[in-house]
Every structure is written in structure tokens, then in C-alpha cells.
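In case you want the letters, here they are:
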Amino acid sequence: MRLVLLGAPGAGKGTQAKKLIEMVGIPQISTGDLLRAAVSEGTALGIEAKSFMDKGELVPDSVVLGMMKERLQDEDCKKGFILDGFPRNTAQAEALDAMLEELGMPLDSALSVEVPLEDLMKRLTGRRTCKECGQMYNVHFSAPATDDACDKCSGELYQRDDDQEATIQKRLEVYTQQTAPLIDYYSGKGILKTVSGTGNIDEIFANVTTTLGIS
Ligand code: AP5
Ligand code: MG
Ligand code: ZN
């Protein structure tokens, strides 16, 4: 399976991708996670990316495309991949198509996870993530048993730097202007699927697997 997950910030791309990788055993490639790793390692790429991420803007295409070109050539991508948060605009989508054509592994589907914009602020301000294992929680919807520790591994929970109200607002605007047009892009290629991202996480996942024909 070679899949793009589309959806607004907070739609649940990461949440659903993690459940999919457990089920199908292919890598999740999140450009957001790769960029945050570069930021915390303090690499030159991370330092450049951070200034854009903190404002809720997209990191320049050249940075993201270079990173993805390398990642897609890794051995583990031969059995398939789930792209989470990439592509983010039409230029990235076109570049991705060209890269995958060169590698002889075109996309099977683009799955759009749809959530009304007004639900997203609460999801994002409430998000907490485990530093150790990456498990996600939400103080409003799926709180951990104790405030600052992961239920699974007791790791410390943190809040993302860009999950502040003003930055979230900007991310939602950027999504509407630059990323939402990709729904038409993939529809035009005949590979678009959609699923509602509202409600219970397990029920959404059941719809995701049915829609993808892997349940
Ligand atoms: P990125 O990391 O991709 O963030 P995003 O797109 O803003 O999406 P999120 O990760 O915030 O949301 P998600 O859909 O994964 O939701 P999640 O599952 O966590 O990008 C961050 C930044 O990096 C960008 O702003 C940009 O600067 C840069 N960047 C990244 N990729 C780039 C690219 N390709 N080009 C240029 N720049 C790039 O869920 C959210 C919360 O909701 C969690 O707390 C979760 O527990 C909860 N939740 C999930 N499902 C449900 C549900 N059904 N009901 C209730 N709560 C739920
Ligand atoms: Mg995410
Ligand atoms: Zn943990």
C-alpha cells in the first residue's frame, strides 16, 4: 500500500497512521515528525525549519522535498508507506509524483480525513504526546490516567510548540489555502478516498480500513 493521508491539522492523520502501521507493517513517514526531530537535534535543517514551524507556516518546499527524496529511497519503503503531512501544496504533490514515477512505485490512494474546522482547535490545544514512545493523548477527549505521564511507558508528556491558539489559527488558514486544493488534485487522478474523522477513534479506524479495502 502506498498511501497519502490528507487532512487539516488535528484531523487525526497521526492517530490513524499509527493504527495503520500496526496493522499493515509499513512505515509512516510524517514530514512534521522528521522536521521536529531535526529541530531537537539542532541540525542546520532543523534551525531553518523551526522559524517557519513556530509561525504555523509551511517550511520551504526545497527543504521538505530533499528530505523526502532521501527517505523514500530507504529499503523499508519498498513494501509500501503512509505519507502523513506530505504533500502539503500542489508543487509538492507534483514533485512527489515525479519522484515515485522514477522509483517505479506510484501512489495507490490518497485518503482525506474530514473533520469540521470548528472541532480542530480543541483537539490541538488539548494534545499531549509522550516523549519516549510517541503515544498521543488529549486532555479533553482521551486524557492519560495521570496528568504528566504516559499510560503505556510512564514517559514524560509534552505539548508541541506550535499547538498555541494563534499558531493553530495560522496553520488552519495555511491548510485551507494551500493543502485543501490537493483534494481536487487527487480526485482528478482518480485515487481520492474520503472518510469522516469525527467520533470515536476506533470507529474511524474501522471506516478507514473498509474504505481502503484492507479490513
Ligand atoms: P504536522 O506535524 O504535519 O502537523 P499538522 O498537519 O498541523 O497536523 P497535526 O500533526 O497537528 O495533526 P494530525 O492530523 O496528525 O492529528 P493527531 O492525530 O495528532 O506539521 C507541523 C508543521 O511542520 C507545519 O505547520 C509546517 O510548518 C511543517 N511541515 C510539516 N510537513 C510539511 C510539509 N510537507 N511541507 C512544509 N512544511 C511542513 O490528533 C490531534 C489531537 O486530536 C490529538 O490529541 C489526538 O489524540 C486527538 N484526536 C485524534 N482523533 C480524535 C478523535 N476522533 N476525536 C477526538 N480527538 C481526537
Ligand atoms: Mg500529525
Ligand atoms: Zn509513552
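Up top is the structure.
Just so we're clear, the structure is a prediction, and the values are computed from it rather than from any experiment.

Criteria and thresholds
Residues numbered from 1 in each chain as written. Chains lettered and ligands numbered in written order. Predicted model: local features only at pLDDT ≥ 70, side-chain atom pairs only at ≥ 80, totals over all residues. Heavy atoms only, no water. Near = heavy atom within 4 Å. Polar contact = N/O pair within 3.5 Å; in protein donor to acceptor, adjacent residues only side chain to side chain. Areas by Shrake-Rupley, 256 points an atom, 1.4 Å probe, with all protein chains shown as cover. Helix = DSSP H or I, 4+ residues; strand = E, 2+ residues; numbered from the N terminus. Donors = N, O, S within 2.8 Å, 3.2 Å for Na, K, Ca; no water. Tetrahedral: all angles 85-135°; square planar, octahedral: opposite > 155°, others 65-115°. Buried < 20%, exposed > 50% of the residue type's maximum accessible area, 1.4 Å probe, protein only. Pairing = 2+ DSSP bridges. Axes fitted to C-alpha atoms, helices over the stretch in contact; angles between N-to-C directions.

Enquirer: Help me out: how do you make sense of the site of ligand 1 in this one?
Expert: Near ligand 1 you find 35 residues, and of these Thr-15, Thr-31, Glu-57, Arg-127 and Arg-171 are the closest. In the environment of ligand 1, an oxygen atom lies 3.0 Å from a nitrogen or oxygen atom belonging to the backbone of Gly-12. At a separation of 2.5 Å, an oxygen atom of ligand 1 approaches a polar side-chain atom of Thr-15. Relative to its free-state accessible area of 1,000 Å², ligand 1 is covered by the protein chains to the extent of 96%. Of all the secondary structure elements, the ones that give two or more residues to the shell around ligand 1 are helix H1 (13-24), helix H2 (31-41), helix H6 (120-125), strand E6 (136-138) and helix H9 (201-212).

Enquirer: Explanation requested: the coordination of the zinc ion (ligand 3) in the structure shown.
Expert: At the metal site, the zinc ion (ligand 3) is ligated by Cys-130 (SG), Cys-133 (SG), Cys-150 (SG) and Cys-153 (SG), and these contacts range over 2.3 to 2.4 Å. In this structure, the zinc ion (ligand 3) is surrounded by four donor atoms whose angles at the metal cover 98 to 117°, and the resulting shape is tetrahedral. All donors to the zinc ion (ligand 3) come from one chain, and their sequence spacing reads C-x2-C-x16-C-x2-C. Separated by 20 residues along the polypeptide, Cys-130 in strand E5 (residues 127-130) and Cys-150 in the loop between E6 and strand E7 (157-158) bring together distant segments of the chain. Accessibility assignment for this pair places Cys-130 and Cys-150 in one class, buried.

Enquirer: I tried to follow the sheet that holds strand E1 (residues 2-6) on my own but got confused; where do I start?
Expert: What holds strands together in a sheet is hydrogen bonding between their backbones, with the strands either parallel or antiparallel. Here five strands make up an open sheet; going across it, the order is E2-E3-E1-E4-E8 and the pairing parallel. Only two strands of the sheet have a single neighbouring strand rather than two, namely strand E2 (28-30) and strand E8 (192-196). Ignoring strand direction, the axes of neighbouring strands in this sheet form an average angle of 25°. For E1 and strand E4 (residues 109-114), the ladder comprises four bridges, and the chain directions are parallel. The residue of E4 that forms the bridge with Leu-5 is Leu-111.

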